[in-house]
Amino acid sequence: MIRILLAEDEDAMRTYLARALENAGYEVVAVDRGTAALPWLESEHFDLLLSDIVMPEMDGIELAQRCADISPATKVMFITGFAAVTLKASREAPQAKMLSKPFHLRDLVLEVERIFENQAQALN
């Protein structure tokens, strides 16, 4: 089963995204900030880090960089509502996928599926 670590500081959005991903068959651990995500990354394996960029204490870009050090195999996808932040993230974490708010839940699930499609083909 594909495991996703979701870091999103907005409660309603976090619940909404976690439910959509769980309904699509993924196992989700949801945290409300980047600093809360780090212990999870250090102690368990995740296939994907799905992170908001703008969060208190540690932003998603720093979290993605720490994730690359701790768990290089974990893929990263950012969600954000800020165009300027998207440009900064593209420069600082070029391997990460980007999804801009507002987006439809179906788009999120399709993007996540796309990330793991190649992986699934490699296993077959």
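As the structure is a prediction and not an experimental result, all values here were calculated from the model. (Residues numbered from 1 in each chain as written. Predicted model: local features only at pLDDT ≥ 70, side-chain atom pairs only at ≥ 80, totals over all residues. Heavy atoms only, no water.)

### Some details on helix 3 (residues 60-70)
Here's step 1: All of the buried residues along helix 3 are Gly 60, Ile 61, Leu 63, Ala 64 and Cys 67. Angular distribution of buried residues about the axis of helix 3 spans 160°; they occupy a single face of the element.
Here's step 2: The backbone nitrogen of Ile 61 has a side-chain oxygen 3.1 Å away, supplied by the residue at the start of helix 3, namely Asp 59. (Buried < 20%, exposed > 50% of the residue type's maximum accessible area, 1.4 Å probe, protein only. Helix = DSSP H or I, 4+ residues; strand = E, 2+ residues; numbered from the N terminus. Arc of directions from axis to C-beta. Polar contact = N/O pair within 3.5 Å; in protein donor to acceptor, adjacent residues only side chain to side chain.)

### Overview of the sheet that holds strand 4 (residues 75-80)
Here's step 1: Pairing in this open sheet of five strands is parallel, and the strands run 2-1-3-4-5 from one edge to the other. The sheet is open, and its two borders are formed by strand 2 (27-31) and strand 5 (97-100), each paired with just one other strand. The average angle at which neighbouring strand axes cross in this sheet is 20°, direction not considered.
Here's step 2: Relative to strand 5, strand 4 is paired through four bridges, and the arrangement is parallel. Across the sheet, residue Met 77 finds its bridge partner in strand 5, namely Lys 97.
Here's step 3: Of the strands in this sheet, strand 1 (3-7) and strand 2 touch helix 2 (residues 34-43), which is tilted by about 140° from strand 2.
Here's step 4: Contacting strand 1, strand 3 (48-52) and strand 4, helix 3 crosses the sheet at an angle of about 160° to strand 3. (Pairing = 2+ DSSP bridges. Axes fitted to C-alpha atoms, helices over the stretch in contact; angles between N-to-C directions. Contact = heavy atoms within 4.5 Å.)

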